[in-house]
Amino acid sequence: MSEINLDLYNQPKTIEFLVNSLRHNRLAHSYLFSGVEGLGKLEIARYFVKLIQCLNPKDDYRTPCGECGNCRKIEQGIFVDNLEIDIAEDKTTISIDQFREELGKFLKYSANESRYKTCIINQFEKTREEAMSAILKTLEEPPKNFIFILITGNVNQLKQTILSRCQLIKFREQTLEQVESRLIKYYNLDKPKARTLALLSAGRIKTALSYIESDIYNQRVLLLEKLSKILLEKSFFENHCFYNFIAANFLKADKESDGKLKDKRKKIMYLLDIILHFFRDLLVIKQFNDKRFILNIDFEKDLKKLSENYSQLEIQKFIHNTIYCEKLLYFNVNPNMIFENIFL
Ligand SMILES: [Zn+2]
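Residues numbered from 1 in each chain as written. Predicted model: local features only at pLDDT ≥ 70, side-chain atom pairs only at ≥ 80, totals over all residues.

Topic: the nonpolar core
Within soluble globular proteins, side chains that are nonpolar generally end up buried alongside one another.
Right, so step 1: Counting 44 residues, the largest nonpolar core has Ile149 and Leu150 as the members making the most contacts within it.
Right, so step 2: Examining the composition of this core, we find that six residues originate from one element, helix H3 (residues 41-53), more than from any other.
Right, so step 3: Among all residues touching Ile149, those that are not within four sequence positions of it are Tyr31, Phe33, Ala45, Phe48 and Ile120. (Core = buried A, V, L, I, M, F, W, Y, C linked by C-beta atoms within 7 Å. Buried ≥ 20, exposed ≤ 12 C-beta atoms within 10 Å, placed from the backbone. Helix = DSSP H or I, 4+ residues; strand = E, 2+ residues; numbered from the N terminus. Contact = placed C-beta atoms within 7 Å.)

What follows is the structure, given as structure tokens:
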């Protein structure tokens, strides 16, 4: 059975609370997992579901047995008493139609094979208004033995009426050292690489792992080397060669592969994030001239040189434009058009 590495996500208080509520038979009808992206909320929600559904949990309720009928069915993806709702591949929100289609059917029947029916709704803040009202109704009069786990990256976007009906579970960012040591321990990274990824991911372990899996770390070096070079030459002002570089090296390769749009979007978001962090460092060096505060420690020399070439206003403009591009991407603008905007 594929077991979750709880230490990787490092949320011991959360785990203890959830395990305790199961151990003492005090499960809530609805939980709201809240915290920024990349902390492992969905993974821990899935683990909690496995724990709730397991007929014979081990280690004082901490570990699903992996052998009972429910555990086996969950593992094979044929378990009918759990439902996971998420934004569809080609959409940016969860619509009322999706809700009716998926949740409506699920709510109709009581648990088939187990004591509870469990439902995870990921990215809950991106649920459309009418769908949100539908879920609120369900939470007001929860069907017997149904347990909801709502996951959100932004609790401020949710109404008080929703919040008041959920058991709030907060997830926290890990410290720089905690992320670094986990990357070294579980992914065999050398210290400088682990350090850089920990800095860039700002305590979000899953973000750090995405950087590794999508080869973003290596692309980051290439991207920043080229970006520094172009900025030092100031040549992009004349011929937009930075855009050409991105288009040729990153987007073209993606076009050829049959990668999903969602993955492509994610990858460009990471690249934009890297650029944003770089410009942020540049501003920090410009203002304070203190390397202790920079994230891209391996580019310290370039940052120093660049800070002499650019005014604070120019750097701020780079930052604004990069954020603008991220917003465009967030609102579903075609990723191919994004980089044209960076240096406008
Ligand atoms: Zn089991």
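Still more to cover.
Some remarks on unusual backbone geometry
Right, so step 1: One non-glycine residue, Asn25, adopts positive backbone phi at about 55°.
Right, so step 2: If you trace the backbone, Asn25 turns up in the loop between helix H2 (12-23) and strand S1 (30-34).
Right, so step 3: With a phi angle near 50°, Ala202 is a residue other than glycine that sits in the positive phi range.

Re the packing of helix H11 (residues 216-233) against helix H15 (residues 300-309)
Right, so step 1: At a closest axis distance of 10 Å, the pairing of H11 and H15 adopts a crossing angle of 25°. When the interaxial angle is binned, H11 and H15 end up roughly parallel. Two packed elements cross with a definite hand, and for H11 against H15 that hand is left-handed. Seen from H11, the contacting residues are Ser228, Leu231 and Leu232; seen from H15, they are Asp302, Lys305, Leu306 and Asn309.
Right, so step 2: Looking at the contact of H11 with H15 residue by residue, the classes come out as three nonpolar, two polar and two charged. (Axes fitted to C-alpha atoms, helices over the stretch in contact; angles between N-to-C directions. Parallel < 35°, antiparallel > 145°, perpendicular 65-115°, else oblique. Left-handed = near helix turned anticlockwise from the far one by under 90°. Nonpolar A, V, L, I, M, F, W, Y, C, P; charged D, E, K, R; others polar.)

Some remarks on the pairing of strand S4 (residues 146-152)
Right, so step 1: The buried fraction of S4 amounts to six of the seven residues, a majority that puts the element mostly inside the structure.
Right, so step 2: By the bridge criterion, five bridges tie S1 to S4 in an arrangement that is parallel. By the bridge assignment, Phe33 is partnered in S4 with Ile151.
Right, so step 3: With five bridges joining them, strand S3 (residues 117-121) and S4 adopt parallel strand pairing. Bridge pairing links Thr118 to Ile147 in S4.
Right, so step 4: With respect to chirality, the unit in which S3 leads through helix H6 (residues 129-140) into the neighbouring parallel S4 is right-handed. (Pairing = 2+ DSSP bridges. Right-handed = clockwise from strand over helix to strand, strands pointing away.)

Observations concerning the packing of helix H5 (residues 96-108) against H6
To characterise two packed helices, one gives the angle between the axes of the helices and the distance between these axes.
Right, so step 1: At a closest axis distance of 9 Å, the pairing of H5 and H6 adopts a crossing angle of 20°. In terms of orientation, H5 lies roughly parallel with respect to H6. Handedness of the crossing formed by H5 with H6: left-handed. Between H5, through Ile96, Phe99 and Leu107, and H6, the contact on the second element is made entirely by Glu130, Ala131, Ala134 and Thr138.

Everything listed is a geometric property; what it means functionally is a separate question.
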